[in-house]
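Summary of the model geometry
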Protein chains: 2
Amino acid sequence: MLVVTTIKELTQVLAPYRSTNQTIGFVPTMGALHAGHQSLFSAARERHDVVVVSIFVNPLQFGPGEDYETYPRQQSLDEQVAKESGCDVLFCPTVKEMYPSGYPQVVHVKQGADVMCGRSRPGHFDGVATVVLKLFSLIQPNEAFFGEKDAQQLAIIKQLVKEFFLPIIVTGCPTVREEDGLAKSSRNVNLTAEERRYAPVLYEALQKAKASRKRDTSVLVSDVLATLTSIPVGEIDYVEAYEYPSLKKVNEANALVIVALAYQFQKARLIDHIVIDFNN
Amino acid sequence: MLVVTTIKELTQVLAPYRSTNQTIGFVPTMGALHAGHQSLFSAARERHDVVVVSIFVNPLQFGPGEDYETYPRQQSLDEQVAKESGCDVLFCPTVKEMYPSGYPQVVHVKQGADVMCGRSRPGHFDGVATVVLKLFSLIQPNEAFFGEKDAQQLAIIKQLVKEFFLPIIVTGCPTVREEDGLAKSSRNVNLTAEERRYAPVLYEALQKAKASRKRDTSVLVSDVLATLTSIPVGEIDYVEAYEYPSLKKVNEANALVIVALAYQFQKARLIDHIVIDFNN
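Along every chain, residues carry numbers that run from 1 in the direction the sequence is written. Chains carry letters and ligands carry numbers; both start at the beginning, A for chains and 1 for ligands, and go up in the order they are written. For a predicted model such as this one, the threshold for reporting local features is a pLDDT of at least 70, and the threshold for listing and counting side-chain atom pairs is 80 or more; totals across whole chains, interfaces and linings nevertheless cover every residue. Water and hydrogen atoms were dropped before computing side-chain values, which therefore reflect all heavy atoms in the structure.

**Here's the deal with the pairing of strand β5 (residues 105-109) of chain A**
Think of it in three bands: residues with accessible area under 20% of the maximum for their type are buried, residues over 50% are exposed, and the middle band is partly exposed, with areas taken using a 1.4 Å probe on protein chains only. Each helix corresponds to a stretch of at least 4 residues labelled H or I by DSSP, and each strand to a stretch of at least 2 residues labelled E; elements are numbered beginning at the N terminus. Of all 5 residues that make up β5 of chain A, 4 are buried, and the element is covered over most of its length. When β5 of chain A meets strand β5 (residues 105-109) of chain B, the two strands line up antiparallel, connected through 5 bridges. Considered in β5 of chain B, the bridge of Val106 of chain A is made with His108 of chain B. Any two strands with at least two DSSP-identified bridges between them are counted as paired.

Structure below.
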């Protein structure tokens, strides 16, 4: 596996693959790699000649007071994980490399960013869309893989590709969970021992809502809220329910509904969601 | 010359050029083609195997109350001009084709859009950058050609390409003028006969400022304003002077300075500029 840090090296490394028409599968990450990322690498490995992974903690997608500084960084461990997962090229640029002139032009997400994480993290998805467009432009993959855990991000990236006519397939891969149900996340390492014990309640609350099969989305939301209130540490950021994948408001569900939540622990804000099918 | 209106056709038409590694020169236009556009076509023709021209009056770059509705449209005449200029592919998409989902995500220009036309036309350069990024993505040219007349636009497109790492050379071509000095513009056809008689004063005012070689930019600006005030029709939109190409404020010029203006006639808002070299 080749590790490159500059755009110049990246271009040189990818040139022979391009000239021989080998297909590129790409997984953009912020590092602190876990089994969720590995499932993306495996999907890319299965379907493509070359697997490119990027590790870049993107400052533009963090708001003031968010955890840009404390986001876990573990470069050498990540290199080992990527290598063992069969990645061919690992691209780890600096902030200066990705944003040589600051932020003179960005992608502004005008639709789909006014709910859920978009509302509680203003500007977050502009940052995500901007860096992903830059990475897509540099790597020109045939297919890019994202975790379904970040459901809103996945929807926005699909829209980005559609909107700017990028010749890239965007594929979502299922959320990978710990045995107790907690969704794998790089931020889990920032949980205290006590918080870690309570963290599985997030998914339990969602599963209970799913099992209830209540069609009234306000009841779904208040049921989840009631369960989360039992956690004695941290704070609820949001619990919201929408028609899926449109993320439009719906009172009485009769198709797919997403129930999504964000929970702020001391140093880790965790998100999770569940999709309920009311079609039948 | 092939005229295509859909992205599907465009992709099909360009495929054989791409697969044989022919170079593509691209000229995006809003139609109402004139000698200024033809100079861009010639430059593209000289340097590339294939010349692609787009005609698209981009609604996103027009503000409320601007001239989107009255912007000149002359499809069959334009086809003839493009053909005679040696263009190979003319792409004339509908608004629905370019914006199938409205404007869910756009390029937001955060730097360089707070002066000149950016200030008097808020959102204009977001619209320009968005449509150009879309067209670049569809056509994937090796080189794209823009008129230097739209100096601020050219600077923002260069920034766009740099910022999103697009493998495209952006080339500016000199302003083409009528014999009396008026810069060629599609909007000139919307001048009344009387306005057309006064329109050359715009360039005269700029030339006088250049000849004066006054280093004080506020004096340069007030001299141009004084000349423009003599025009009995229409209204001054702005006259501004900046360090060039940074577009930063400068009081006493000692390098390149751009003096730029916009003038609002009844149905045509015209722009022009001049660059003065104070290096020597």
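Text resumes after the structure shown.
**Thoughts on the side chain of Ser186 of chain B**
Residues and elements named next belong to chain B. Secondary-structure assignment places Ser186 in the loop between β7 (169-173) and α8 (193-198). The exposure class assigned to Ser186 is buried, which follows from its relative accessible area of 5%. Polar contacts, as counted here, are pairs of nitrogen or oxygen atoms within 3.5 Å of one another; within protein the pair requires one atom able to donate a hydrogen and one able to accept it, and residues that are adjacent in sequence qualify only if both atoms are side-chain atoms. Of the polar contacts made by the side chain of Ser186, one reaches the backbone oxygen of Gly31; its length is 3.1 Å. Excluding residues within four positions of it along the chain, Ser186 makes contact with Gly31, Ala32, His34, His37, Tyr71 and Pro72. In this analysis, two residues are considered to be in contact whenever any of their non-hydrogen atoms come within 4.5 Å of each other.

**Some words on the domain arrangement of chain A**
All names here are of chain A. Note that the domain bounds were set by an automatic or database domain assignment. When its domains are assigned, chain A resolves into domain 1 (2-173) and domain 2 (186-273). Summarising the inter-unit geometry, the C-alpha centres of domain 1 and domain 2 are found 26 Å apart. Of the residues lining the interface, 21 residues belong to domain 1; the matching set on domain 2 comes to 15 residues. Throughout, buried area stands for the accessible area (probe radius 1.4 Å) lost by two parts on being put together, summed over both. Buried surface at the junction of domain 1 and domain 2, both sides included, amounts to about 1,600 Å², of which 55% is carbon and sulfur. Salt bridges are counted wherever a side-chain nitrogen of Lys or Arg sits within 4 Å of a carboxyl oxygen of Asp or Glu. Viewed at the interface, domain 2 and domain 1 are joined by 2 salt bridges. The shortest N-O distance in the salt bridge between Asp67 and Arg187 comes to 2.7 Å. Summed over the shared surface of domain 1 and domain 2, the result is 11 residue pairs in polar contact (both at pLDDT 80 or more).

**Some remarks on the interface of chain A and chain B**
On the side of chain B, 31 residues touch chain A, which itself brings 31 residues to the contact. Interface of chain A and chain B: buried area, both sides summed, is about 2,700 Å²; carbon and sulfur atoms make up 57% of it. The largest contributions to the chain A side of the interface with chain B come from Gln105, Phe164 and Phe165 of chain A, which together make up 30% of the buried area. The closest approach of N and O atoms between Glu163 of chain B and Lys134 of chain A, which form a salt bridge, is 2.9 Å. Applying the counting criterion to the chain A and chain B interface returns 16 residue pairs in polar contact (both at pLDDT 80 or more). Going through the elements one at a time, α4 (95-98), β5, α6 (124-139) and α7 (151-163) of chain A are the ones with two or more residues in the side of chain A that touches chain B. Ranked by residues supplied to the side of chain A that touches chain B, first place goes to α6 of chain A with 6 residues.

**Let's talk about the sheet that holds strand β9 (residues 256-264) of chain B**
Residue and element names in this part refer to chain B. Read across the sheet, 3 strands follow the order β8-β9-β10 without closing on themselves; strand pairing throughout is antiparallel. Looking at the sheet topology across the chains shown, the edges are occupied by β8 (235-243) and β10 (269-277). Between one strand and the next, the sheet's axes are offset by a mean angle of 15°, whatever the strand orientation. Sheet topology note: the β8/β9 ladder contains 8 bridges and is antiparallel. Across the sheet, residue Ala241 finds its bridge partner in β9, namely Val259. Seen against the sheet, helix α10 (residues 217-229) touches β8, β9 and β10 and runs at an angle of roughly 160° to β8. To get an axis, fit a line to the C-alpha atoms, keeping to the stretch in contact for a helix; angles then go from 0 to 180 degrees between the N-to-C directions.

**Quick look at the packing of α6 of chain A against α7 of chain A**
Residues and elements named next belong to chain A. Remark: α6 packs on α7, axes separated minimally by 10 Å, with the N-to-C direction vectors making an angle of 50°. In terms of orientation, α6 and α7 fall into the oblique class. Classified by chirality, the crossing of α7 by α6 is right-handed. Across the interface between the two elements, Phe125, Val128, Ala129, Val132, Leu133 and Phe136 from α6 touch Gln152, Gln153, Ile156, Ile157, Leu160 and Val161 from α7. The class makeup of the residues in the contact of α6 with α7 is 10 nonpolar, 2 polar and no charged. An angle below 35 degrees is read as roughly parallel, one above 145 as roughly antiparallel, one from 65 to 115 as roughly perpendicular, and any other as oblique. Put simply, a crossing is left-handed when the front helix is turned counterclockwise from the back one by less than a right angle, and right-handed when it is turned clockwise. Ten residue types, Ala, Val, Leu, Ile, Met, Phe, Trp, Tyr, Cys and Pro, are classed as nonpolar, four, Asp, Glu, Lys and Arg, as charged, and the remainder, Gly among them, as polar.

**Some remarks on the UniProt feature "binding site: beta-alanine" (unreviewed entry) in chain A**
Residue and element names in this part refer to chain A. In this numbering, the UniProt entry assigns the feature "binding site: beta-alanine" (unreviewed entry) to Gln61. Tracing the sequence through the fold places Gln61 in the loop between β3 (50-55) and α3 (75-84). If near-sequence neighbours (up to four positions away) are discounted, Gln61 is found in contact with Met30, Glu66, Arg121, His124, Gly127, Val128 and Val131. A distance of 2.9 Å separates the side chain of Gln61 from the side chain of Asn58, its partner in a polar contact. UniProt positions are given in the numbering used here, feature names are shortened, and annotations may be inferred rather than shown by experiment.

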